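Structural features, examined
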Amino acid sequence: MAQTFDLIVLGGGSGGLATAFRAARHGARVALLEPGALGGTCVNVGCVPKKALWNAAQLAQGQQLAVDYGFASTPGALDWERFRQLRHAYIDGIRQRYATRLMEAGIHVFAETGRFVSAHTIATSGGDELNAMQIVIATGGRPRRLDLPGFDLGMVSDDIFELRSLPRRIAVIGGGYIAVEFAGLLRALGSEVTLHVRNRVLTGFDAELVDGLTTQMQAQGIDITGQCNVSGLRRVDDDILIGDEVNGSCGPYDAVLWAIGRVPNSDRLDLEAAGVHVDEAGHVVTDAWQNTNVPGVYAVGDVTERPELTPVAVAAGRHLADRLFGGQADSCLDYENIPSVVFAEPPLAMVGLTEAQAREFHGDQVQVYRSRFTPLGLAVAGHTAQSIMKILCVGEDQRVVGFHALGPGAEEMMQGFAVALKMGVRKRDLDATVAIHPSSAEEMVLMG
Ligand code: FAD
Ligand code: NDP
């Protein structure tokens, strides 16, 4: 027999959970479908286990720094399997807390996939039929490989978290967030890393800071092979070789990681049964209010064409639930000036425009302030790696349109500057702010 709800949410990841909890708080009767682990990509195979590994990598580097400071210690290797278990236990706890909260919120959870039968009806893989006037698609995305000979010899990011030991020699194909983050953390933990990039790394970030990061990655021993055009992978005995039309045969490697972007999970939803449009890449097309072209059907998070970031999926879902069930008719996410951090070695953070974008939009009005320095914590030990900070302003009143930071602490620093940007900060406001000394962040208010 069909069951009726006010809202059906497809997907129990960042966006789906946020939508469901907020709608239930407003009194809606909610069904949530999640065939996999609660928490989706971020909790299980994304931000959380990645950040845990990044923290381990920071500790690995910290051990060496400690020796350089004069501590009588010998840097040791990470017990990979012990740490994998610690990570899994931590993530298990998050999932259990979600399960408890869902029960307490009165949300009906179906551990099944859903597909559209019509604009208001979902069929579950368990054979149930669910009806609702409002349906939210929050099915996220999945990693992809290139369709080339031997493609399946390469892992994707999901697989990294299941590895039973650190790969000794690893090639990473791609130059985006995942490629740069894993290249950095695996190198810090002891792998020999080669990055195969077709263009530059991190094309969406400010080129000057990316150059600074690339220099540091190379100094750490990461081999960056540019202008790549991978033609296939092949196994020779226990090794994997990468065929490249430009660079010839590369390797041997013990493991290869594809990190060339993700595809939206929209292809198994029978969207045509509801008439929901997708774009060429398969993203569900939405307007500023997360509406699809079909009344009563919405989409949030990675399944849409928006930035693939957890806080974006969460915020979009909460705004949507406030609009549908909270009486806030105008509630929608402002997609401008979304801050972002690449958890590289060292971290790279930004909010607003890059210098290239600022010059494209504002031409000669752009004023650039920058600071390059070796942070005290490194300089004391004789290290020379440079942090870079950059502020982009426009117009006579020097409105800030971009903050950029590369270096230790950048990942924590940028959130506050993102608030300032959102509030329309001017350079004079930064100049009028007293510095916190000694810190790296103080550079942001001391640039002259
Ligand atoms: P997801 O979290 O992917 O959730 C979608 C859910 O839908 C899944 O659980 C899936 O099982 C379910 N589903 C699929 N099909 C169906 C169906 N037919 N019916 C019902 N359910 C279905 N973002 C950051 O902000 N910071 C980071 O540091 C960061 N690090 C990352 C590291 C990695 C390695 C990766 C891969 C991603 C990272 N991200 C990070 C991105 C972030 O994880 C995603 O943007 C976020 O998880 C998107 O949330 P979502 O709800 O749209 O999708
Ligand atoms: P990205 O979009 O960040 O990067 C994809 C990379 O793959 C780019 O370097 C791109 O090159 C390259 N590429 C694309 N197609 C090909 C191809 N055919 N051959 C060779 N290279 C190719 O994707 P990721 O997979 O790294 O990450 C997915 C998303 O997850 C990110 O966009 C991000 O939103 C999110 N994420 C966020 C994190 C965070 O917030 N810290 C961490 C990890 C992921 P080019 O630039 O030339 O197009």
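Relevant structure appears above.
For the structure given in this document, a descriptive report is provided here. Residue numbers restart at each chain and count upward from 1, following the sequence in its written direction. Both sets of labels track the order of writing: A upward for chains, 1 upward for ligands. Totals for whole chains, interfaces and linings use every residue, but because this is a predicted model, local features are given only for residues with pLDDT of at least 70 and side-chain atom pairs only at 80 or more, for both listing and counting. Computation of side-chain values covers all heavy atoms of the structure but excludes hydrogens and water.

Remarks on the overall build of the chain
The helix and strand inventory of the chain stands at 13 helices and 21 strands. In this description the radius of gyration comes from C-alpha coordinates, and the expected globular size is given by 2.2 Å times residues to the power 0.38. For the chain, whose C-alpha radius of gyration is 24 Å, the value lies close to the compact-globule estimate of 22 Å for 448 residues. Here the term buried applies to any residue with accessible area under 20% of the maximum for its type, exposed to any over 50%, and partly exposed to those in between, with areas from a 1.4 Å probe on protein chains only. Going through the 448 residues of the chain one by one, you find that 50% of them count as buried. Only heavy atoms enter the contact rule, under which two residues are in contact if any of them lie within 4.5 Å. Residue pairs at least 24 apart in sequence account for 62% of intrachain contacts in the chain once pairs closer than 6 positions are excluded. Taken as a whole, the chain presents about 20,500 Å² of accessible surface, with 51% of it coming from carbon and sulfur. Charged side chains in the chain number 37 positive and 52 negative. The centres of these two groups are separated by 3 Å. Working definition: helices are DSSP H or I runs of at least four residues, strands are E runs of at least two. Numbering for both runs from the N terminus. Note on areas: Shrake-Rupley with a 1.4 Å probe; residue coverage comes only from the protein chains shown. When charges are counted, neither His nor the chain ends are considered; positive counts come from Lys and Arg and negative counts from Asp and Glu. The atom standing in for a charge is NZ when the residue is Lys, CZ when it is Arg, CG when it is Asp and CD when it is Glu.

Structural notes on the pairing of strand E14 (residues 255-258)
Residues in a regular strand project their side chains so that they alternate between the two faces of the sheet. The side-chain alternation of E14 yields two buried faces, one formed by Ala255 and Leu257 and the other by Val256 and Trp258. At least two DSSP bridges between two strands are needed for those strands to be called paired. Examined bridge by bridge, strand E8 (residues 169-173) and E14 share 4 bridges and lie parallel to one another. Note on E14: the bridge partner recorded for alanine 171 is valine 256.

Comments concerning the site of ligand 2
A molecule or strand has a residue near it when one of that residue's heavy atoms lies within 4 Å. In the region of ligand 2, 19 residues are neighbours, and Ile178, Glu181, Gly261, Glu308 and Val341 sit closest. Taking tyrosine 177, its main chain carries an N or O atom lying 3.2 Å from an oxygen atom of ligand 2. We define a polar contact as two N or O atoms separated by no more than 3.5 Å, with the added condition that, inside protein, one atom must be a possible hydrogen donor and the other a possible acceptor, whereas residues neighbouring each other in sequence contribute only through side-chain atom pairs. One nitrogen or oxygen atom from the main chain of valine 341 is found 2.8 Å from a nitrogen atom belonging to ligand 2. Coverage of ligand 2 by the protein amounts to 75% of the 900 Å² it exposes when considered alone. No other element matches the 3 residues that helix H6 (residues 177-189) contributes to the shell around ligand 2. Any residue that is not Ala, Val, Leu, Ile, Met, Phe, Trp, Tyr, Cys, Pro, Asp, Glu, Lys or Arg is counted as polar, Gly included; the first ten are nonpolar and the last four charged. Grouping the amino acids of the shell around ligand 2 by side-chain chemistry returns 8 nonpolar, 5 polar and 6 charged.

A short note on a nonpolar patch on the surface
Exposure above 30% relative accessible area and no salt bridge define the residues that can form patches, which grow by joining like charges within 9 Å and nonpolar side chains of Val, Leu, Ile, Met, Phe, Trp and Tyr within 5 Å. Whenever a carboxyl oxygen of Asp or Glu lies within 4 Å of a side-chain nitrogen of Lys or Arg, that contact is scored as a salt bridge. On the surface, a cluster of nonpolar side chains totalling about 450 Å² of accessible area is made up of Tyr69, Phe71, Leu376 and Val380. Examined against the element boundaries, tyrosine 69 turns out to sit in helix H3 (residues 47-69). Since its relative accessible area comes to 41%, tyrosine 69 is described here as partly exposed.

Considering the packing of H3 against helix H4 (residues 80-104)
Geometry of a packed helix pair, given as the angle between the helix axes and the separation of the axes. Between the N-to-C directions of two axes lies an angle of 0 to 180 degrees, each axis being a line fitted to C-alpha atoms and, for a helix, fitted only over the stretch in contact. It is at 10 Å that the axes of H3 and H4 come closest, and there the two elements cross at 140 degrees. Between H3 and H4, the crossing angle belongs to the class labelled oblique. Crossing handedness for the pair H3 and H4: right-handed. Of H4, the residues touching H3 (which contributes Val48, Pro49, Ala52, Leu53 and Ala56) are Trp80, Phe83, Arg87, Tyr90, Ile91 and Ile94. In this scheme, roughly parallel covers angles under 35 degrees and roughly antiparallel covers those over 145, while 65 to 115 is roughly perpendicular and the rest are oblique. Here a crossing is taken to be left-handed if its near helix is turned anticlockwise relative to the far helix by less than a right angle, and right-handed if that turn runs clockwise.

Quick word on the environment of isoleucine 135
Along the polypeptide, isoleucine 135 turns up in strand E6 (residues 129-137). Classification of isoleucine 135 as buried rests on a relative accessible area of 0%. Put simply, isoleucine 135 and tyrosine 298 are 163 residues apart on the chain and 6.2 Å apart in space, counted from C-alpha to C-alpha. Beyond its immediate stretch of four places on either side in the chain, isoleucine 135 contacts Leu7, Ile8, Phe116, Ala119, His120, Thr121, Ile122, Gly296, Val297 and Tyr298.

Some words on helix H8 (residues 310-325)
Here H8 is 16 residues long and its end C-alpha atoms lie 22 Å apart, about the 22 Å a rise of 1.5 Å per residue gives. Regarding H8, the residues found buried are Val312, Ala313, Val314, Ala316, Gly317, Leu320, Ala321, Asp322 and Arg323. On its buried side, H8 packs onto helix H1 (14-25), E6 and strand E16 (297-299). Positive backbone phi, at 70 degrees, marks glycine 327, one or two positions downstream of H8. The span you would expect from a helix comes to 1.5 Å times its residue count less one.

Brief notes about the sheet that holds strand E21 (residues 399-406)
The strand order E17-E18-E21-E20-E19 describes an open sheet built from 5 strands, whose pairing is antiparallel. Edge strands, defined here as strands with exactly one partner in the open sheet, are strand E17 (340-342) and strand E19 (366-373). Within this sheet the neighbouring strands show an average axis-to-axis angle of 15 degrees, counted without direction. Pairing between strand E20 (residues 387-394) and E21: 7 bridges, direction antiparallel. Counted as the bridge partner of cysteine 393 is valine 400 from E21. Where helix H9 (residues 355-362) meets the sheet, its contacts fall on strand E18 (348-352), E19, E20 and E21, and the angle it forms with E19 comes to roughly 165 degrees. The strands touched by helix H11 (residues 410-422) within the sheet are E17, E18, E20 and E21, with E21 carrying the most contacts at an inclination of about 175 degrees.

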